There are 2 protein chains.
Amino acid sequence: MSNIKENRYKHHMQALVLFIGVFLWFSPVPDGLNTQAWHLFAIFISAIFAVILNAMPILTSSIIAVSLAVLTNTMSAKQAYSGFGESFILLIIVAFLIARGVIKSGLGKRIAFLIIKKFGKSSLGLSYSVIAADMFISPAFPSNTARSGVLFPIVNALANDSNSKVSDGTRKKLGSFLMMASMAGLTISSTLWLTAMAANPAGAKMAAEYGVEITYGSWALAASLPVIILFFLVPWVIYKIYPPEIKYTPDAPRIAENALQTMGKISRNEWIMAATFIGMVFLWIMSGSLGLDKTAVAFLGLSVLMLSNIFTLDDLLHEGNALGTLIWFAILYGMSVHLDKFGFMGWVGDNISMFIDGFSWPVVYIGLTLSYVLIHYFFVSQTAQMLALFSVFLGVGIKAGVPAEMMALILLFATNFNAIITPQGSSANVIYVGSGYIEAKEIYKVGGIITLINTLVFLTIGTAWMLLIL
Amino acid sequence: MSNIKENRYKHHMQALVLFIGVFLWFSPVPDGLNTQAWHLFAIFISAIFAVILNAMPILTSSIIAVSLAVLTNTMSAKQAYSGFGESFILLIIVAFLIARGVIKSGLGKRIAFLIIKKFGKSSLGLSYSVIAADMFISPAFPSNTARSGVLFPIVNALANDSNSKVSDGTRKKLGSFLMMASMAGLTISSTLWLTAMAANPAGAKMAAEYGVEITYGSWALAASLPVIILFFLVPWVIYKIYPPEIKYTPDAPRIAENALQTMGKISRNEWIMAATFIGMVFLWIMSGSLGLDKTAVAFLGLSVLMLSNIFTLDDLLHEGNALGTLIWFAILYGMSVHLDKFGFMGWVGDNISMFIDGFSWPVVYIGLTLSYVLIHYFFVSQTAQMLALFSVFLGVGIKAGVPAEMMALILLFATNFNAIITPQGSSANVIYVGSGYIEAKEIYKVGGIITLINTLVFLTIGTAWMLLIL
């Protein structure tokens, strides 16, 4: 009965999404936009609504969107499928397969038990330990995609070894909570350091064109207070609004210790896995200065795991989810990139600038920041948004009298702390969603609330702090 | 014990491949080639050897190759991953998922039983019926990739419903044989009609620049006799060298009839599947004249199956093989394209032309044809080879006095009949190999023999026939 109800709900929502899409498609094209950009927007936003309204899974919604976009000549096939060849998207997929190797080798189990032994008395404690680890490695790790490739296998193993699995319907026991917390943690660890995300130094360079000099130290100082507050606040909020079913596990540390004793010495496979993992992390960290492609490094790591039979072709058989993730993410990414290329993003930016013009600087500051955060609904790459809009918004803010350095910093911080607003808002999210522990529609809700909290803390305490120190 | 032996064999072969690769890499670059092209050749050919020598699976070999190619700066990341965004490669992947829908809906079972009822007394009979169906639909179906997307689900269902499955180790009972026969059938069905493969009309147009006029009728007439002979010969040869374990099943037609009666009326899911399939085939056939992207059509079909719950996210979980196929094929395709772009293919063509120059025309004719067939070892697309080499080879042949029309036709025929020489030699092969019924290394052997037979028949009877009729 509840199944029939659910089906009826889905069909109603599908009809609603269809209506929205058709309505937008045939609406008059707004001034300043071409038909192509408007039609692509109609398709893209309908696909997003289909997920938010729970009308269909994100994969179904994406493949309908891409087939319509291509068959109506809104995008060429080449444009529509361009995301599939993007290095960083393939990195997510390879990271999936390597995560399987971490579990299968036994290394994941061992690391998980070590963490549980130390912090495992409560689920909240575990989440803090994961985020702390992230913040610790982030200054040397200028790719949040690669960093999620490091954190995800560990969180995945933590969930698995606490008997919280997707396959048997126990994802909510611990796994869903931990993954959401780790995803949220990535938004603040990326905000903390100039070198924690690829877009950060690029943005600092663009700010220099407006005479704003951002250094490693000034960035970290400005970000420090709000990030520390969010570090304590965010896991606790997730714990309240998206709670794990297991909360206290006073015996867990002892059980983990026993399990570690049973596991005995580190096995051959664990050694190989550990060496591969450390090698990959080393090459990822060095990738900028050595000019190495991070995905090629991941392919190299995967091939070591395959040659040593830690990841086999049989294991691959059950990784269909990775294919699904590749398909929906590559499709949405391609659409978002072309929304930008077709002029839609610039048009939105211009309209916001025009609307905001003439207000007092605090109003402009808040208006620009909120708009910048919300526009991330349309972007499938943090870096792409920064490249498309940062300069425009910064220029408007400075013209309106906002202190230049403060305006630049809050927009660059927002580039990171808005990343959890959609499932596709950061490639890091994609890995977590792909695991099945988190459903796409849950991110719109929980991630939306976290984004709101991040934004509020930065607009209040963060801004007061910047006014004090800058 | 045999496992240890096998492992030792693999390690020896891996060492050998490593030696070949290192040796080629550090050998002096031949005159007329740049270092980049030579290094890419060293990596590519080592990857192929690794598969032929059974040193490792094709997926492992490909990911090692791509990581080395990118990390050594032989290819840029963008070049190396370009294949992932190719429309026709994505078509293969979507066709996989749709094939799962054909099975799951029950439609595959029904069609399989109908075929078994009529032709099911012997495995050989089944193979003839599959190839006959292919030759029947091919004149209206100018994409062998899409055609294999139609044939594969049926052959797959035939194997499944004869209890020959990959998962339980019974692939050799019937499935492997039928798939190999269907793959071989595609090489000759594509050769038969000007409109059976995308490269055919393109090649005919290029031949016109040499004053050779190829019409629909002249093509079909010239191809008819050798193709008819091969239609009877090839399945029989495969039956001898790659035999199915089940040969005669005199009771099968009766069992199939009973099964059909038990199945009863066509179910809702079968109707939806049939309508989707027919709709897709219709749009695929019309795709040329309507300017539709075939992959977008397939995405549309898949979304119908997903919305009607015929293909679900749970089904996707077990389609990891499709991801593996995408990875190795996109990688090898990208390398082959860039071997051409970096000038390697042209250099090979020039050298063959120079070597062959001065011989009598029959020698030139045979030499060019054999070279053209063998060079397909390096190509991961029939169309790419045709575009890269057809004109050069045709020019050399005509200059040496080979009758122009005959030279043009045999090269265009060879573009199709050499397709089974490697697992990646045609996108059609890729679907069959991806199913797991056929191992990559088996194609190098059986496909090699079939290519030899195809070539011999075309060079003897086919050539005599052309001399008679042209």
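Given the structure is predicted, the values throughout are model-derived calculations rather than measurements.

> When you look at the overall build of chain A in this model, what are you seeing that I'm missing?
Counting its secondary structure elements, chain A contains 22 helices and zero strands. For 470 residues, the compact-globule estimate of 2.2 N^0.38 gives 23 Å, and chain A sits close to it at 22 Å. Dimensions of chain A, computed from the C-alpha atoms along their principal axes, are close to 70 × 55 × 45 Å. In chain A, buried positions account for 60% of the 470 residues. The long-range share in chain A, meaning contacts at least 24 apart out of those at least 6 apart in sequence, stands at 80%. Of the roughly 17800 Å² of accessible surface on chain A, a fraction of 66% belongs to carbon and sulfur atoms. Distance between charge centroids for chain A: 9 Å, based on 27 positive and 22 negative side chains.

> What should I look at first to understand the packing of aromatic side chains in this one?
For any pair of aromatic rings, geometry is given as the distance between the ring centres together with the angle between the planes. Scanning all chains against the criterion turns up 48 aromatic pairs over all chains. Ring centres of A:Tyr81 and A:Phe84 lie 6.5 Å apart, and the angle between their planes is 70°; this geometry places the pair in the edge-to-face category. Take A:Tyr81 and A:Phe84: they sit in the same class, and that class is buried. Both rings, one in B:Phe413 and one in B:Phe458, keep their centres 5.4 Å apart while their planes meet at 50°; by these two values the pair is tilted. One end of the pair, B:Phe413, is in helix 20 (residues 404-417); the other, B:Phe458, is in helix 22 (residues 440-469), and 45 residues separate them in sequence. A relative accessible area of 0% places B:Phe458 in the buried class. Three or more aromatic residues link up through ring pairs in this structure, and these residues are A:Trp38, A:Phe41, A:Phe344, A:Trp347 and A:Phe378.

> For this particular structure, what's the right way to read the side chain of B:Ser353?
All names here are of chain B. Tracing the backbone through its elements, the reader meets Ser353 in helix 17 (residues 344-356). For Ser353, a relative accessible area of 12% gives the class buried. Among the polar contacts listed, one links the side chain of Ser353 to the backbone oxygen of Gly349, at a separation of 2.7 Å.

> Any chance you could explain the relation of the copies chain B and chain A here in plain terms?
A rotation about some axis, followed by a shift along it, carries one copy of the chain onto the other. Here chain B sits on chain A after a turn of 180° about the axis and a move of 0.0 Å along it, with an RMSD of 0.0 Å. As the rotation angle and translation indicate, the two copies are arranged about a two-fold axis. For chain B, the smallest separation between a C-alpha atom and the rotation axis is recorded for B:Gly320, amounting to 2.0 Å. Same-surface contact between copies: 100% of interface residues of chain B are shared with the interface of chain A.

> So what exactly am I meant to see when it comes to the packing of helix 5 (residues 87-105) of chain B against helix 8 (residues 144-160) of chain B here?
Packed helix pairs are specified by the crossing angle of their axes together with the interaxial distance, meaning the distance between the axes. All names here are of chain B. At their nearest, the axes of helix 5 and helix 8 sit 9 Å apart, and the two run at 30° to each other. Relative to helix 8, the element helix 5 is oriented roughly parallel. When you trace helix 5 past helix 8, the crossing you get is right-handed. From helix 5, Phe88, Leu91, Ile92, Ala95, Ala99, Val102 and Ile103 reach across to helix 8, where they touch Thr145, Ala146, Gly149, Phe152, Pro153, Asn156, Ala157 and Asn160. Class assignment for the residues of the contact of helix 5 with helix 8 results in 11 nonpolar, four polar and no charged.

> In this structure, what is going on with the environment of B:Asp168? I would like to understand it.
Residue and element names in this part refer to chain B. Within the fold, Asp168 resides in the loop between helix 8 and helix 9 (175-192). Put simply, Asp168 and Leu192 are 24 residues apart on the chain and 37 Å apart in space, counted from C-alpha to C-alpha. Within the structure, Asp168 has its side chain in polar contact with the side chain of Thr170 (distance 2.6 Å).

> What is the right way to read the interface of chain B and chain A from this model?
When the parts come together, some accessible area is lost, and that loss is often what is quoted as the size of the interface. In this complex, chain B contributes 43 residues to the contact, which on the side of chain A involves 43 residues. Approximately 3700 Å² of surface area, both sides summed, lies buried where chain B meets chain A, with 80% of it carried by carbon and sulfur atoms. The tally of links from chain B across to chain A stands at zero salt bridges. Applying the counting rule to chain B against chain A returns six residue pairs in polar contact (both at pLDDT 80 or more). Secondary structure elements with two or more residues in the side of chain B that touches chain A: helix 3 (58-71), helix 5, helix 14 (294-307), helix 15 (313-317) and helix 16 (320-341) of chain B. No other element matches the nine residues that helix 14 of chain B contributes to the side of chain B that touches chain A. Within the side of chain B that touches chain A, the residues separate by chemical class into 30 nonpolar, 11 polar and two charged.

> Hey, could you run me through the packing of helix 5 of chain B against helix 13 (residues 268-290) of chain B in this one?
Residues and elements named next belong to chain B. In the contact formed by helix 5 and helix 13, the axes pass within 9 Å of each other and the chain directions differ by 150°. Taken together, the axis directions place helix 5 and helix 13 in an arrangement best described as roughly antiparallel. Classified by chirality, the crossing of helix 13 by helix 5 is left-handed. Between helix 5 and helix 13, the residues in contact are Leu91, Ile98, Gly101, Val102 and Ser105 and Asn269, Glu270, Met273, Phe277, Met280 and Trp284, respectively.

> Is there a simple way to explain the confidence of the model for chain A in this structure?
The predicted coordinates of low-pLDDT regions are not to be read in fine detail. Residues and elements named next belong to chain A. With 100% of its residues at a pLDDT of 70 or more, chain A has an overall mean of 91. Confidence, expressed as mean pLDDT per element, reaches its minimum in chain A at helix 17 (residues 344-356) with 85 and its maximum at helix 20 (residues 404-417) with 97. The ipTM value of the predicted complex is 0.86, and its pTM value is 0.88.

> Before we go on, may I ask you to explain a positive patch on the surface in this structure?
Where like charges cluster on the molecular surface, the positive patch consists of A:Lys78, A:Lys341, B:Lys78 and B:Lys341. With respect to the secondary-structure elements, A:Lys341 resides in helix 16 (residues 320-341). Exposure remark for A:Lys341: the relative accessible area of 63% places this residue in the exposed category.

> What's the story with the side chain of A:Thr422 in this structure? I'm lost.
All names here are of chain A. With respect to the helices and strands, the residue Thr422 is situated in the loop between helix 20 and helix 21 (427-434). A distance of 2.8 Å separates the side chain of Thr422 from the backbone nitrogen of Gly425, its partner in a polar contact. Ignoring anything within four residues of it in the chain, the contact list for Thr422 reads Tyr377, Asn429, Ile443 and Tyr444.

> Would you take a moment to explain the nonpolar core for this structure?
It is characteristic of soluble globular proteins that their nonpolar side chains tend to be buried jointly. Counting residues in hydrophobic clusters, the biggest one holds 348 residues, and the most contacted among them are A:Tyr81 and B:Tyr81. It is helix 16 of chain B that provides the largest number of residues to this core, a total of 13 residues.

> When you look at the pattern of salt bridges in this model, what are you seeing that I'm missing?
Oppositely charged side chains are able to pair whenever their charged atoms sit close together. Residue and element names in this part refer to chain A. On inspection of all chains with the given rule, the structure shows 18 salt bridges over all chains. Note that Glu442 and Lys172 form a salt bridge whose closest N and O atoms lie 3.5 Å from each other. You can see Glu442 sitting in helix 22 (residues 440-469) and its partner Lys172 sitting in the loop between helix 8 (144-160) and helix 9 (175-192), a full 270 residues away along the chain.

> Could you clarify how one ought to interpret the environment of A:Ala47 in this entry?
Locating A:Ala47 in the fold gives a position in helix 2 (residues 35-52). A sequence separation of 12 residues divides A:Ala47 from A:Leu59, and the C-alpha atoms of the two residues are 9.8 Å apart.

> What's the story with helix 10 (residues 199-208) of chain A in this structure? I'm lost.
Residue and element names in this part refer to chain A. Taken together, the buried positions of helix 10 are occupied by Ala199, Asn200, Gly203, Ala204, Met206 and Ala207. Angularly, the buried residues of helix 10 cover 160° about the axis, an arc narrow enough to put them on a single face. Summarising the contacts, the buried residues of helix 10 are in contact with helix 9, helix 11 (216-241), helix 19 (382-399) and helix 20.

Conventions we followed
- Residues numbered from 1 in each chain as written.
- Chains lettered and ligands numbered in written order.
- Predicted model: local features only at pLDDT ≥ 70, side-chain atom pairs only at ≥ 80, totals over all residues.
- Heavy atoms only, no water.
- Helix = DSSP H or I, 4+ residues; strand = E, 2+ residues; numbered from the N terminus.
- Rg over C-alpha atoms; globule rule 2.2 N^0.38 Å.
- Buried < 20%, exposed > 50% of the residue type's maximum accessible area, 1.4 Å probe, protein only.
- Contact = heavy atoms within 4.5 Å.
- Areas by Shrake-Rupley, 256 points an atom, 1.4 Å probe, with all protein chains shown as cover.
- Lys, Arg positive; Asp, Glu negative; His and termini not counted.
- Charge placed at Lys NZ, Arg CZ, Asp CG, Glu CD.
- Phe/Tyr/Trp six-rings, centres within 6.5 Å; stacked < 30°, edge-to-face > 60°.
- Polar contact = N/O pair within 3.5 Å; in protein donor to acceptor, adjacent residues only side chain to side chain.
- Least-squares fit on C-alpha atoms with pLDDT ≥ 70 in both.
- Axes fitted to C-alpha atoms, helices over the stretch in contact; angles between N-to-C directions.
- Parallel < 35°, antiparallel > 145°, perpendicular 65-115°, else oblique.
- Left-handed = near helix turned anticlockwise from the far one by under 90°.
- Nonpolar A, V, L, I, M, F, W, Y, C, P; charged D, E, K, R; others polar.
- Buried area = accessible area lost by both parts, 1.4 Å probe.
- Salt bridge = Lys/Arg side-chain N within 4 Å of Asp/Glu carboxyl O.
- pLDDT = per-residue confidence, 0-100.
- Patch = residues over 30% accessible without salt bridge, like charges linked within 9 Å, V, L, I, M, F, W, Y side chains within 5 Å.
- Core = buried A, V, L, I, M, F, W, Y, C linked by side-chain atoms within 4.5 Å.
- Arc of directions from axis to C-beta.

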